[in-house]
There are 4 protein chains.
Amino acid sequence: MELTLLIHCTDQPGIISSVTHFVQSKGGNIVYLDQHVDKEAGVFFMRLTSEFEHALSLADFKKAFDTNLAKQYEMSWDIHMDGQKPKMALFVSKYNHCLYDLLSRYNSGELLVDIPFILSNHPDLEYIADQFQIPYYHVPVSKDTKKKAERKQLDLLEEHGVDFIVLARYMQIISPEVIDVFPQKIINIHHSFLPAFAGAKPYHAAFERGVKIIGATSHYVTAELDAGPIIEQDVTTVSHSHSIKDFIAKGRDLEKIVLSRAVQLHVERKTIVYNNKTVIFS
Amino acid sequence: MELTLLIHCTDQPGIISSVTHFVQSKGGNIVYLDQHVDKEAGVFFMRLTSEFEHALSLADFKKAFDTNLAKQYEMSWDIHMDGQKPKMALFVSKYNHCLYDLLSRYNSGELLVDIPFILSNHPDLEYIADQFQIPYYHVPVSKDTKKKAERKQLDLLEEHGVDFIVLARYMQIISPEVIDVFPQKIINIHHSFLPAFAGAKPYHAAFERGVKIIGATSHYVTAELDAGPIIEQDVTTVSHSHSIKDFIAKGRDLEKIVLSRAVQLHVERKTIVYNNKTVIFS
Amino acid sequence: MELTLLIHCTDQPGIISSVTHFVQSKGGNIVYLDQHVDKEAGVFFMRLTSEFEHALSLADFKKAFDTNLAKQYEMSWDIHMDGQKPKMALFVSKYNHCLYDLLSRYNSGELLVDIPFILSNHPDLEYIADQFQIPYYHVPVSKDTKKKAERKQLDLLEEHGVDFIVLARYMQIISPEVIDVFPQKIINIHHSFLPAFAGAKPYHAAFERGVKIIGATSHYVTAELDAGPIIEQDVTTVSHSHSIKDFIAKGRDLEKIVLSRAVQLHVERKTIVYNNKTVIFS
Amino acid sequence: MELTLLIHCTDQPGIISSVTHFVQSKGGNIVYLDQHVDKEAGVFFMRLTSEFEHALSLADFKKAFDTNLAKQYEMSWDIHMDGQKPKMALFVSKYNHCLYDLLSRYNSGELLVDIPFILSNHPDLEYIADQFQIPYYHVPVSKDTKKKAERKQLDLLEEHGVDFIVLARYMQIISPEVIDVFPQKIINIHHSFLPAFAGAKPYHAAFERGVKIIGATSHYVTAELDAGPIIEQDVTTVSHSHSIKDFIAKGRDLEKIVLSRAVQLHVERKTIVYNNKTVIFS
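Treat the numbers as computed from the prediction; the structure is a model and nothing was measured. (Residues numbered from 1 in each chain as written. Chains lettered and ligands numbered in written order. Predicted model: local features only at pLDDT ≥ 70, side-chain atom pairs only at ≥ 80, totals over all residues. Heavy atoms only, no water.)

Caption draft 1: Expanded view of the domain arrangement of chain A. Residue and element names in this part refer to chain A. For chain A, the assigned domains read domain 1 (2-81) and domain 2 (88-280). Computed from C-alpha atoms alone, the centre-to-centre distance between domain 1 and domain 2 is 31 Å. Taken together, the 10 residues of domain 1 in the interface contact 9 residues of domain 2. Together domain 1 and domain 2 conceal approximately 800 Å² of surface at their shared face, both sides included; 68% is due to carbon and sulfur atoms. Our count for the domain 1 to domain 2 interface comes out at 0 salt bridges. (Domains from an automatic or database assignment. Contact = heavy atoms within 4.5 Å. Buried area = accessible area lost by both parts, 1.4 Å probe. Salt bridge = Lys/Arg side-chain N within 4 Å of Asp/Glu carboxyl O.)

Right, dumping it as C-alpha cells:
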C-alpha cells in the first residue's frame with residue numbers, strides 16, 4: 001500500500017524532520033520526497049510517497065497526521081492512496097486532436113482516470129465519443145442560453161461525481177459560477193506561450209508579430225482569461241516560410257502533448273497551486 | 001569571386017527564371033538560391049549566391065542588373081561581394097556576457113567584422129575592451145545629457161564609418177534620431193521571448209507569472225520599444241525551483257547565444273526586413 | 001492545378017535557369033522553389049511547385065520535361081499532381097500510441113492518404129482498426145512461418161496497390177525480399193536517437209549508459225538494421241530520477257510525433273534519398 | 001554559515017528521518033533537500049543544505065556525523081562549507097571557444113573557482129591566458145614525450161593544489177596514471193551526443209550518417225575513451241543544408257555551454273557518481 005502526501009505551509013524549521021519521523025513511526029518506508037521553499041513568499045512545499053507493508057486505515061492515518069502535524073504547522077495538506085482513479089470530464093468544441101490524444105492514452109491504460117462523459121457545445125465530435133464508447137452530451141451555448149447551459153453542465157458534473165474538468169480546446173469561456181465549484185480543478189490548453197498572445201486567435205497574432213517560436217500553455221482556469229497558474233508549456237520553432245496554416249498544424253502537436261502532460265501531472269498529484277503559480281514535483 | 005543578391009518585390013510570374021537567366025548570362029554559376037513568397041502580403045523574396053570564374057566589375061554588374069531587371073520588377077535589391085567586412089559598433093552598459101561572447105568570436109575569426117569601438121554609458125567594461133585592444137568610449141547618459149550624448153554617439157559612428165550597431169545589453173533607449181540614421185541596422189537583445197515581457201525587468205515579470213519557459217529575443221531596433229522585427233529567439237525551461245537569480249543566470253546563456261546568432265545572420269546578409277518582420281535565409 | 005517536381009542530378013551550371021524557364025514556357029507560375037547542392041557529393045537537388053491556370057495534360061508535360069530537360073542533365077526526377085492520395089499500409093505489433101496518432105490525423109483530414117489495411121503479427125490492436133473501420137489482417141510471424149508470412153504480406157500489398165508502408169512500432173525485422181519491392185518506401189520509427197542504441201531495447205541501453213537526453217528516429221528501411229536514411233529525429237531530456245518505465249513513457253510521445261512528421265513529409269513529397277541520407281525540403 | 005551534505009548508501013528505511021533529525025539537533029535549518037532512490041541498484045542518494053545561525057566547528061560536525069550516522073548506514077558522504085573555492089586547472093589545445101566561455105564566466109564572478117594555470121600541448125592560446133592574466137604552461141605531447149609530459153602535468157597539478165581538471169577541447173587522451181590521481185575530477189567535453197560518435201571526428205561521422213540532430217556531451221573522464229559518467233548533454237537541429245563546417249560552427253556553441261554547465265554543477269557540488277552514471281541535483 002502506498003500513500004502520497006502533499007503539504008504546504010509557512011516555512012519554518014523542523015518540518016521535514018517531523019514529517020519523515022511521523023511517517024516512519026507509522027511503519028512507512030519513504031520512497032520519494034521532494035521539497036521546495038519559495039524564499040520570496042516564505043512558503044514550504046513537500047511531496048512525499050511512502051510504502052506501507054501492512055494495511056493501514058487511511059482515516060486513522062489522516063486523523064493522526066492532522067492532530068500531530070498539520071495543526072502544529074498550520075499546513076494545507078492532502079493525502080492520496082495509490083490506485084484511486086479520479087473522474088475526469090472532457091469539454092470539447094470542434095477540434096479533435098487533443099481529444100484523440102487523451103482518449104488514446106486513456107484507452108491504453110497510460111492515463112489512469114475514469115471518463116464519465118464528454119461534453120461539447122457542438123455535435124461534431126460525437127463520432128469520436130462513440131469510437132471510445134463514452135457518453136457524449138451536446139450542450140449548445142449561445143448568448144441567450146449560456147446560463148441554462150452552465151446549469152446543465154453543473155448538473156452533469158455533480159451527477160457523475162466529476163473530480164476535475166479538462167478543456168480539450170473547448171472554445172467557450174468558463175463562468176466564475178463553474179470555476180468556483182471546481183477551483184484549481186479545470187485544466188485548459190491555450191495555443192500560445194502565455195503570457196504572449198492571450199485571448200483569441202493567438203496563431204494569427206504570432207504570425208503577425210513575426211515570432212520565430214510558437215508555444216502552447218496548459219494552466220488551471222481562473223476568473224481572469226488565460227491568466228491562471230501555468231502547469232506546463234512547450235514551444236517549437238517557426239520561420240518566415242510558415243504560413244498561419246502551418247502555425248496551426250505545428251501547434252496541434254504542441255497543444256495535445258502539453259495538455260496531456262499537464263493532465264497526467266494533475267492525475268499523479270504532482271501539482272500544488274499557490275500565488276497563482278504552480279509547484280510541479282518530478 | 002562570389003556575389004550575393006538579396007531581392008524583394010511584388011510577387012509576379014517569371015522572376016526566378018529572369019534572374020537566374022541574367023546571372024548565367026554574366027558567367028555566373030549559382031551555388032545557392034532560396035526564395036520565399038509571402039502570399040498574404042503578395043511579396044517575393046530571394047537570396048542568390050553565384051560564383052564567377054573571371055573577375056567582374058561590380059559596378060557594371062549592378063548597373064546591368066538595375067537596368068535589365070530591378071526596374072522591370074520594381075525590386076528592392078542589394079548586391080554584396082564576398083569578403084567585405086562590415087564595421088560593427090558595440091554598445092554596452094555593465095553586463096559583460098554578450099560582450100565577451102561577441103569578442104571571442106571576433107577574435108577567433110568566427111565573426112567577420114571590424115570593430116572600430118565599444119561605447120558605454122558606464123566605465124565598468126573598459127578592462128574588457130583593453131583585453132581585446134579595442135577603443136572604448138565612455139559616454140555617460142543622464143536625463144539632462146541625453147541629447148548631447150546622442151550627438152557624441154552619432155559623431156563617433158560617422159567618424160568611424162560604422163555599418164551597424166549591436167546593443168549588447170545596452171540599458172538605454174535609443175532615440176528616433178539615432179534609429180533614423182541606422183534603419184534596420186541596430187540589433188538589440190531583449191531578455192524575454194517577445195512579445196511576452198517587453199520593457200524593464202522581464203525576468204522578474206516571468207518569475208511573477210510562474211512561466212515554465214524563459215527566452216531571449218534579438219531584433220532590429222525601431223521607434224517602438226521591444227517591438228522591432230525579430231531576427232532570432234530561443235528559450236530554455238525553468239521550474240518553480242528556480243529563483244529570479246537562477247532565471248538571470250540561465251538567461252545569460254540564452255542572451256549571448258541568441259544575440260551572436262542574430263549578428264552572424266546580419267553579417268552574412270541573410271536577413272531581409274519587411275512589414276516589421278524578417279525573412280531569414282538558411 | 002498544381003504540379004510538384006522533384007529533381008536530382010550531377011551539379012552543373014544552368015539547371016535552375018533551364019527548369020524555371022521550361023515551367024514558365026508551359027504557363028506555370030512558380031510558387032515554391034528550394035534547391036540544395038551537396039558540394040562533397042557534387043549533387044544538385046531541387047523541389048519546385050508550380051500553379052497552372054489552365055488544365056494541362058500531365059502525360060504531355062512529363063514527356064516534354066523528359067525530352068527537353070531530364071535527358072540533357074541526366075536527372076532523376078518525379079512529378080506529382082496535387083491531390084493524389086497515396087495508399088499507405090500500416091504494420092503494427094502491440095503498442096498502440098503510433099497507430100492512434102496516425103489514425104487520428106488520418107481521420108481528421110490532416111494526413112491525406114488512403115489506408116487500405118492495418119497488418120499485425122498479433123491480434124491485440126484489431127479493436128482500434130475496428131474503431132476506425134479499417135480492415136485488419138492478423139499475419140502471425142514465427143521463425144518457421146516467416147517466409148510464408150512475407151508472401152502473405154506481399155500479396156496483400158500488391159492486391160491493395162499500396163504505395164508505401166509505415167512500421168508503427170512493428171516489432172519484426174523486414175526481409176530484403178520485401179524491402180526490394182518497396183525501396184525507400186518503408187518508414188520505420190526507432191526509439192533512440194540513432195546511431196546511438198540501434199537494435200533491441202534502446203531505452204534499457206540508454207538508462208544503463210546514464211544519458212541525459214533520449215530520442216526517437218524515423219528512417220527509411222534498408223537491408224541493414226536501423227541504418228537507413230534518417231527522415232526525422234527529436235529528443236527530450238531525462239535525468240537520474242527517471243526509471244526505464246519513465247523513459248518508455250516519455251519516449252512514446254517522441255515516437256508518435258516523430259513518426260507522424262516523417263510520414264507527413266513523405267506524403268507531401270518533401271523527401272529525396274541519396275547516399276543513404278535524405279534531403280528534406282521545407 | 002551554510003553546509004551542504006552529499007550522501008549515498010544502500011537504500012534502507014529511516015535515512016531521511018535520521019539525517020534531518022541530526023541536522024536539526026545541531027541547530028541547522030534545512031533550506032534544500034533532494035533525494036533519489038535508484039530502485040534497480042538499491043542505492044539511496046541525498047543532497048541537503050542547511051543554514052546555521054551560530055558558528056559551528058566543521059570538524060566537530062563531521063566527526064559527529066560520521067559517528068552517529070555515516071557508520072550506521074555505511075554511507076559515502078561529503079560535507080562542504082559554503083564559500084570554499086575549488087582550484088580548477090584548464091587543459092586546452094588550439095580551439096578557444098570553451099576556454100573563452102569559462103574564463104569570461106570566471107572573470108565576471110559567475111564561476112566561483114580559482115584557476116592556478118592553463119596548460120596546453122600547443123602554444124597557440126597563450127595570448128588568451130595573457131588577456132586574463134593566468135599562467136600558461138606549454139607542455140608539448142608527442143608519442144615519445146607522453147610519459148614525460150604527464151609527469152610534468154602531475155607535478156604542476158600537485159604543486160598548485162589543483163582540485164579538478166577541465167579539458168576544454170584538449171585533444172589528447174588522458175592516461176590512466178593521471179586519471180587515477182583525479183578520479184571523477186576530470187571533466188571533458190565531447191562534441192557528439194554520446195554514445196553516438198565516440199572517438200575522433202564526430203562531426204564528420206554525424207554528417208556522413210545524415211543525422212538531423214547533433215549534440216555535445218560533458219562527462220567525467222574514465223579509462224575508457226568517451227565512456228565516463230555523463231554530466232550534461234544538449235543538442236541542436238541540423239539539416240541536409242548544413243555542411244561539416246556548419247556542423248562544427250553550430251557545435252561550438254553547444255560545446256561551450258554544455259561544458260560550462262557541467263563545470264558549474266561540479267563546482268556547486270551537485271553531482272554524485274555511481275555505476276558509471278551521475279545523479280545531478282537541481
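Caption draft 2: Fine view of the side chain of S93(B). Residue and element names in this part refer to chain B. In this structure, S93 sits in the loop between β5 (88-92) and α3 (97-107). Residue classification places S93 among the buried residues on the basis of a relative accessible area of 2%. Sequence-distant contacts of S93, that is, excluding residues within four places in its chain, are made with S120, N121, H122, L125, R169, Y170 and M171. (Helix = DSSP H or I, 4+ residues; strand = E, 2+ residues; numbered from the N terminus. Buried < 20%, exposed > 50% of the residue type's maximum accessible area, 1.4 Å probe, protein only.)

Caption draft 3: Helix α2 (residues 58-73) of chain A, seen in detail. Residue and element names in this part refer to chain A. With 16 residues, α2 ought to run about 22 Å at 1.5 Å a step, and its terminal C-alpha atoms sit 21 Å apart, in line with that. Of all bends in α2, the biggest is about 45°, found at D66. Within α2, burial applies to L58, F61, A64, F65, L69, A70 and Y73. Against the buried residues of α2 lie β1 (2-10), α1 (15-25), β3 (43-52) and β4 (76-81). (Expected span 1.5 Å × (residues − 1). Bend = angle between axes of the 7 residues up to and from the residue.)

Caption draft 4: Seen up close, the packing of helix α8 (residues 244-267) of chain B against helix α8 (residues 244-267) of chain D. One can describe the packing of α8(B) onto α8(D) by two numbers: an axis separation of 12 Å at closest approach and a directional angle of 165°. Here α8(B) is positioned roughly antiparallel relative to α8(D), judged by the angle of their axes. Of the two possible hands of crossing, α8(B) and α8(D) adopt the one that is right-handed. When α8(B) is examined against α8(D), the residues D253(B), K256(B) and I257(B) are found in contact with a partner set consisting of D253(D), K256(D) and I257(D). Class assignment for the residues of the contact of α8(B) with α8(D) results in 2 nonpolar, no polar and 4 charged. (Axes fitted to C-alpha atoms, helices over the stretch in contact; angles between N-to-C directions. Parallel < 35°, antiparallel > 145°, perpendicular 65-115°, else oblique. Left-handed = near helix turned anticlockwise from the far one by under 90°. Nonpolar A, V, L, I, M, F, W, Y, C, P; charged D, E, K, R; others polar.)

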